[in-house]
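# Observations on the three-dimensional arrangement
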Amino acid sequence: SDMAELCALLEAQFAERAFGEALATAEALIETEPSSAVGLRCQCACLVQLARADEALTLLDGHADAFGTSIVLPRGFSLYQKGELRDALQLLESALALASSGSDEGGGSDERAGMLHLVAQVHYKMGAYAEAAKAYRRVLAEDPSAAEDEEVCTNATAAYVMAGLPADALRLVQQTQQQTRTSTKQHMYELVYNSACAHIVAGDLAQAEERLEEALSLSSQALQADEADDEEVAAEQAPIRVQKAFVAHSLGREADAQEGYLSVLRMKGHEAVDSTVAAVAANNLVALRGDRDLFDSAKRCKAALTDAVAAKLLPSQKLCFLANQVILTWHMGKPTLCREQLNALNNAFPESEVPVLLRAALLFRPKATSKEQPSVEAEECLAVWACKHPKIAARPLLALAQMQAHAPLPTAKGHVPIDPLRKAARTLAAIDQLRLSPRLVATVAALLERLGDVTAAADFLNETLDKLGRNKSILRPFVNSADAEGGSEGLQEGPLLRKHILILRGASTFFERHGLWHMVAQAQQQLLVADPRDISARARMVVAASHFDPNLAAEHDELLPEVVGAGEEEDVDVEALENLQLSVSNRHSSAVAASGKATGKRWVGDDVATPDPGMGPNKRRKKRKPRLPKDFDPAKPGLMPDAERWLPTKERSTYRKTKRDKKNAAQMRGPQGATVSAALDISTAKSTATAAAGSSATQLGEGGRNKKKKGGKKGAAAW
């Protein structure tokens, strides 16, 4: 009876996920019956759930016979928790291989599905996202019911997103949501969050923001249904808010992004906030600030990347953290510490291109280069690394080409001067990963064309077309069968066909620009093979072939559709179109209408039409142009020029005398016995100027009153 009661209690505690209490119950069960396999398995499960991996491994080693073949899964999970990922992966793959060969009789389908799921998690933790995606495909293929498991689908979509497969992730999310009941959809906010991440990878930031808002709403409903308080809800929503701030950061809304990061960092001390989430928020905030608030950013970086946090981070996240630390130290002007951090980054990620890019940037910075020649060491650093890692050398070679394009001509004696643009073109052409990229092909051709080497540019384009394949067998598989039967579907485009067509059109435009008509005809012929209904390609084929083969041009011209119908040609009077006159000016419109027919010619832009011979002499009045100031535009006059602009300032009607002028005028006297001149009489000068100025005082207003006088007080208002 005691055994039955303890087993019932264990079952209830496991259902409530009270693993601490279940561990005590399992130990009591083992004391009651030491040989009970149920008690040992329950104790091991509790230790694994409580993340006490060392105790779980000790228990497994001491009772290996009691666990039998079912020891693989708990041992593998304990190794996964300890961070011994390679040992865990080796153990699990060996067990799966034995199970596939049939030599392993233990373990059922549920245990095999659990091992496959754990293998996928181990690959994900190791940063092998493509392998993790393959493992989750095996899980979903071997166990169709796993698609209904929210945890499996959430982890699978995360693996697809990190592997660069957003379409597969969105397809799985849609399938899972269709199979889920409406009452439980509010608990799927993690799956909706992963779908937002898939939209971010796909570049659809607007849709990602909508999905994040939906995830926030669903999480609020689910957590409030579980009677969580506001602080717990905010802490649980921290990852969603950090990702939403990242989307705002990517969209250029820096204020919203900074507020989102800081709102999560203010909750850093809450127990429900994951330390990795706070670390990601701090890292993104440092990246957002750039070279601003350097000391605060350094403090946040140091507090974020602790040993405990570094153990939980994914390899891609840790690489980003360390790279940002190097950049931050560089901005703070600490070259020695920057080199030490860069060496540590290179040792931690020797197969990544990020350390060599940062090292080249440090060597190429303005203070490390001379005015006559760029830093050769930076270029050598990138070139050597690209030779050692040819499969992942695309970004370093792009950086090398950019450095070469901005470098001045070498002036050292004994060296043959090579144009920097030609060196950059050679470097770009050597990038195998991007060799068939339309943008790279266009850039290399443009560089060679700018150098005046049209022959080299044409050879490069022809070589690219040869790599894509000029024969019809390359293009025919992309043509839809409905097109051959006269259907309306057209051709079914693939990535290779799209690249081929873009490069063909660009190459044809280049050949046309330089009169290489045979090459133009070859390019247009390939476009017609891809799509026989391309009217633009056929028309250009006619133009190109007319320069060297009129018969070929005539053949393609017959295949072009008729532009004008047979009945419309008779309605067009070509002679009338040739004699059609432009409309005459308003000045002579009445005279032309009275004559019935205008036979004189008229130049475009002339305001005077040539008169009819029967109309008599046309006398023109000479109109004197007004004298206007320099750079005055009559079409946009604005305020008319002042009529008193030729008078001295003090003689204008708008001038108002200051107290200083009045005081000097009162003290001014001529020779002894003489009276003040009439020109100095204020009332007379004012009335005369006002009568002569007319309306100009109204236009200028009180403008002359604030003009600064020479010798005035300091701080007086200037014009």
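Cut-offs and rules
Residues numbered from 1 in each chain as written. Predicted model: local features only at pLDDT ≥ 70, side-chain atom pairs only at ≥ 80, totals over all residues. Heavy atoms only, no water. Helix = DSSP H or I, 4+ residues; strand = E, 2+ residues; numbered from the N terminus. Buried < 20%, exposed > 50% of the residue type's maximum accessible area, 1.4 Å probe, protein only. Contact = heavy atoms within 4.5 Å. Areas by Shrake-Rupley, 256 points an atom, 1.4 Å probe, with all protein chains shown as cover. Phe/Tyr/Trp six-rings, centres within 6.5 Å; stacked < 30°, edge-to-face > 60°. Salt bridge = Lys/Arg side-chain N within 4 Å of Asp/Glu carboxyl O. Core = buried A, V, L, I, M, F, W, Y, C linked by side-chain atoms within 4.5 Å. Axes fitted to C-alpha atoms, helices over the stretch in contact; angles between N-to-C directions. Parallel < 35°, antiparallel > 145°, perpendicular 65-115°, else oblique. Left-handed = near helix turned anticlockwise from the far one by under 90°. Nonpolar A, V, L, I, M, F, W, Y, C, P; charged D, E, K, R; others polar.

## A closer look at the overall build of the protein chain
If you tally the helices and strands in the protein chain, you get 38 helices and zero strands. A total of 719 residues make up the protein chain; the buried ones form 35% of that total. A fraction of 52% describes how many contacts in the protein chain between residues 6 or more apart in sequence connect residues 24 or more apart. Carbon and sulfur atoms make up 53% of the accessible area of the protein chain, which amounts to about 44300 Å² in all.

## Brief notes about the packing of aromatic side chains
According to the stated counting rule, one finds four aromatic pairs in the structure shown. Taken together, a centroid distance of 5.7 Å and an interplanar angle of 50 degrees make the contact between F77 and Y80 tilted. In this pair, F77 and Y80 both sit in helix α6 (residues 72-82), three residues apart, roughly one turn of the helix. Here F510 and F511 contribute two aromatic rings whose centre-to-centre distance is 5.9 Å and whose plane-to-plane angle is 70 degrees, an arrangement assigned as edge-to-face. Both residues of the pair, F510 and F511, belong to the buried class.

## Quick look at unusual backbone geometry
Phi is positive for A51, which is not a glycine, with a value near 60 degrees. Along the chain, A51 turns up in the loop between α3 (37-49) and α4 (53-62). Residue classification places A51 among the exposed positions, given a relative accessible area of 55%. One non-glycine residue, D293, lies in positive phi territory at about 50 degrees. In this fold, D293 is placed in the loop between α17 (275-289) and α18 (294-304). The partly exposed category is assigned to D293, whose relative accessible area is 45%.

## So, the environment of L328
Topologically, L328 is positioned in helix α20 (residues 315-331). Taking the relative accessible area as the measure of exposure, L328 reaches 5% and is therefore buried. C-alpha of L328 to C-alpha of A287: the two residues are 41 residues apart in sequence and 8.7 Å apart in space.

## Side note on the pattern of salt bridges
Throughout the structure, instances matching the rule amount to 23 salt bridges. Between D296 and R289 there is a salt bridge, with its nearest N and O atoms 2.3 Å apart. R289 gets classed as buried once you look at its relative accessible area, which sits at 9%. Residue R300 is joined to D296 by a salt bridge in which the shortest nitrogen-to-oxygen separation is 3.1 Å. Residue R300 and its partner D296 are located together in helix α18, separated by four residues, close to a single helical turn. Bridged by salt links that share partners, the residues R289, D293, D296, K299 and R300 form one connected network.

## Remarks on the nonpolar core
Nonpolar side chains in soluble globular proteins tend to be buried together. If you look at the biggest cluster of nonpolar residues, it comprises 67 residues, and the most contacted ones within it are L140, Y160 and I240. Among all residues touching Y160, those that are not within four sequence positions of it are A133, Y136, R137, L140, L165, P166, D168, A169 and L172.

## Description of the side chain of S508
Position of S508 relative to the elements: it lies in helix α30 (residues 495-513). With residues near it in sequence (within four places) discarded, S508 still touches V520, A523, Q524 and R540.

## Examining the environment of G76
Note that G76 resides in helix α6. C-alpha of G76 to C-alpha of L118: the two residues are 42 residues apart in sequence and 7.9 Å apart in space. Residues contacting G76, with those up to four places away along its chain left out, are A88, L91 and L118.

## A word on the packing of helix α21 (residues 335-348) against helix α22 (residues 354-363)
For the pair α21 and α22, the least separation of the axes is 9 Å and the interaxial angle reads 155 degrees. Considering the angle they form, α21 stands roughly antiparallel to α22. In this structure, the crossing between α21 and α22 has a hand that is left-handed. Between α21 and α22, the contacting residues are C338, L342, N343, L345 and N346 on the first element and P355, L358, R359 and L362 on the second.

## Quick look at α6
Note on helix geometry: an α-helix contains 3.6 residues per turn, so any two residues three or four positions apart are oriented the same way. By the burial criterion, the buried members of α6 are V72, P74, G76, S78 and L79. Once α6 finishes, G83 follows within two positions and takes phi at roughly 90 degrees, a positive value.

## Things to note about the packing of α22 against helix α24 (residues 394-405)
Running from amino to carboxyl end, α22 crosses α24 at an angle of 15 degrees, the nearest separation of the two axes being 10 Å. Taken together, the axes of α22 and α24 are roughly parallel relative to one another. For the pair α22 and α24, the sense of crossing is right-handed. Contacts between α22 and α24 involve V356, L357 and A360 on the former and, on the latter, R395, P396, A399 and M403. A per-class count over the contact of α22 with α24 returns six nonpolar, no polar and one charged.

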